[in-house]
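Report on the structure
Listed here are the chains, written in short residue letters.
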Amino acid sequence: RLCHTRACPGTAGACPSPPRAVAGGRRRTGEGPRPGLLRGRERRLKRWLAVDRRFRQGYYRQHRERLEALAQGQSPRSAVVSCCDSRVDPAIVFDAQPGELFVIRNVASLVPPCESEGQYHGTSAALEFAVTGLGVEHIVVLGHAQCGGIRTLVEHHRQDEAPRSFIEYWVSMAYPCLDALDGAPSLQAVEQAAVRLSVDNLQSYPWIAERLANGSLSLHGWYYDLGTGTVERLQTLGADQYSEEIR
């Protein structure tokens, strides 16, 4: 049947904004949000609107000299491919300051293989700029525990269906991870296998392979455990440099 909203071309079951319930445990269509929810939103809005003042009076004032220098240009030594997950902040994990890391974030920290189809390639473009434009010396693929993108990969692979969403299509590039693991692997095993796959895919880019061969670039696969705060180094290609050398 047609959606309750005339402007929506979908069906009621697929509508992104289905009818609100009415009285008696249900709410009427078009009824505003609950007062408590509205007050919470107002508080968050006021806090966000005050960001500029807090930033300039706090962080900017404390680090003004460095930030003014960075306004003239950047020269990070390392690029990090990280997940969009709000719990994983590469700058915090690496204890890095502004300008030290070139961060590329996407769902599940995946690096697609190099290919030249006429599509949009955000991760590939960022890698190209980091390597050929900024001349980074390290690329770190930072996977993490409890990754929602990898969980989607596992669940969708079990269903054996064609991808139906942007997320499912994106993570499908990591199907080889599941094919290479025996039995019913744990989520952590798949997460770590995806990191290794991404490190392998990095080598398919000619400008990465060239620098890896001449020793001017090294590749790293790391895994961050949210619960314990530990970072496991899964793989290194190129110069065997860690820790402080990454920054």
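Keep in mind the model is a prediction, meaning the values are calculated, not measured.

Criteria and thresholds
Residues numbered from 1 in each chain as written. Predicted model: local features only at pLDDT ≥ 70, side-chain atom pairs only at ≥ 80, totals over all residues. Heavy atoms only, no water. Helix = DSSP H or I, 4+ residues; strand = E, 2+ residues; numbered from the N terminus. Buried < 20%, exposed > 50% of the residue type's maximum accessible area, 1.4 Å probe, protein only. Contact = heavy atoms within 4.5 Å. Areas by Shrake-Rupley, 256 points an atom, 1.4 Å probe, with all protein chains shown as cover. Core = buried A, V, L, I, M, F, W, Y, C linked by side-chain atoms within 4.5 Å. Axes fitted to C-alpha atoms, helices over the stretch in contact; angles between N-to-C directions. Left-handed = near helix turned anticlockwise from the far one by under 90°. Nonpolar A, V, L, I, M, F, W, Y, C, P; charged D, E, K, R; others polar. Patch = residues over 30% accessible without salt bridge, like charges linked within 9 Å, V, L, I, M, F, W, Y side chains within 5 Å. Salt bridge = Lys/Arg side-chain N within 4 Å of Asp/Glu carboxyl O. pLDDT = per-residue confidence, 0-100. Expected span 1.5 Å × (residues − 1).

1. Structural notes on the overall build of the protein chain
For the protein chain, the count of helices and strands is ten helices and five strands. Here the protein chain, with 247 residues, has 35% of them falling under the buried criterion. The long-range share in the protein chain, meaning contacts at least 24 apart out of those at least 6 apart in sequence, stands at 58%. As displayed, the protein chain has an accessible area near 15,300 Å², and 51% of this comes from carbon and sulfur atoms.

2. Considering the nonpolar core
Formed by 25 residues in total, the largest nonpolar core has its most connected members in L127, V136, I139, L202, I208 and L219. At four residues, the largest contribution of residues to this core is made by helix α5 (residues 122-133). Once residues within four sequence positions are removed from consideration, V136 is found in contact with P76, R77, S78, A79, A130, V131, S216 and L217. Membership of the second largest hydrophobic core comes to 16 residues, among which are V154, A174, V190 and L197.

3. Quick notes on the side chain of N201
Mapped onto the fold, N201 is located in helix α9 (residues 187-202). Residues within four places of N201 in sequence aside, it is in contact with V111, P112 and P113.

4. Some remarks on the environment of V103
Considering the arrangement of structural elements, one finds V103 in strand β2 (residues 101-106). Relative accessible area serves as the criterion here: at 36%, V103 is assigned to the partly exposed category. Distance in space between the C-alpha atoms of V103 and V80 is 4.9 Å, their sequence separation being 23 residues. For V103, the residues in contact, after removing those within four places along its chain, are V80 and P90.

5. Details of the packing of α5 against helix α10 (residues 206-214)
Look at α5 against α10: their axes get within 10 Å of each other, and the N-to-C directions meet at 35°. Like other packed secondary-structure pairs, α5 and α10 cross with a definite hand, here left-handed. Contacts between α5 and α10 involve S124, L127, E128, V131 and T132 on the former and, on the latter, W207, I208 and R211. Within the contact of α5 with α10, the residues separate by chemical class into four nonpolar, two polar and two charged.

6. Observations regarding a nonpolar patch on the surface
Among the surface-exposed residues, L45, W48, L49, V51, F55 and Y59 lie close enough to one another that they form a single nonpolar patch of about 620 Å² accessible area. Those elements that place two or more of their residues in the nonpolar patch are α1 (35-49) and α2 (51-62). As for its position among the elements, V51 is in helix α2.

7. Points about the confidence of the model for the protein chain
Of the residues in the protein chain, 81% reach a pLDDT of 70 or more, and the chain-wide mean stands at 84. pLDDT under 50 marks residues 1-13. Its contacts with residues more than four places away, or in other chains, come to 16 contacts. The model gives residues 16-28 a pLDDT under 50, and that stretch makes 19 contacts with residues more than four places away or in other chains.

8. Thoughts on α9
An ideal rise of 1.5 Å per residue puts 22 Å on 16 residues; α9 measures up with 23 Å between its terminal C-alpha atoms. By the criterion of burial, α9 is predominantly enclosed, with twelve of the 16 residues buried. Along α9, the positions that sit buried rather than exposed are L187, V190, E191, Q192, A193, A194, V195, L197, S198, V199, N201 and L202.

9. Some details on the pattern of salt bridges
As a working rule, side chains carrying opposite charge can pair if their charged atoms are close by. For the structure on display, the rule yields three salt bridges. E68 is the partner of R64 in a salt bridge, and the nearest nitrogen-oxygen pair spans 2.8 Å. You can see R64 and its partner E68 sitting in helix α3 (residues 64-70), four residues apart, about one turn around the helix. The class of R64 is partly exposed, set by a relative accessible area of 44%.

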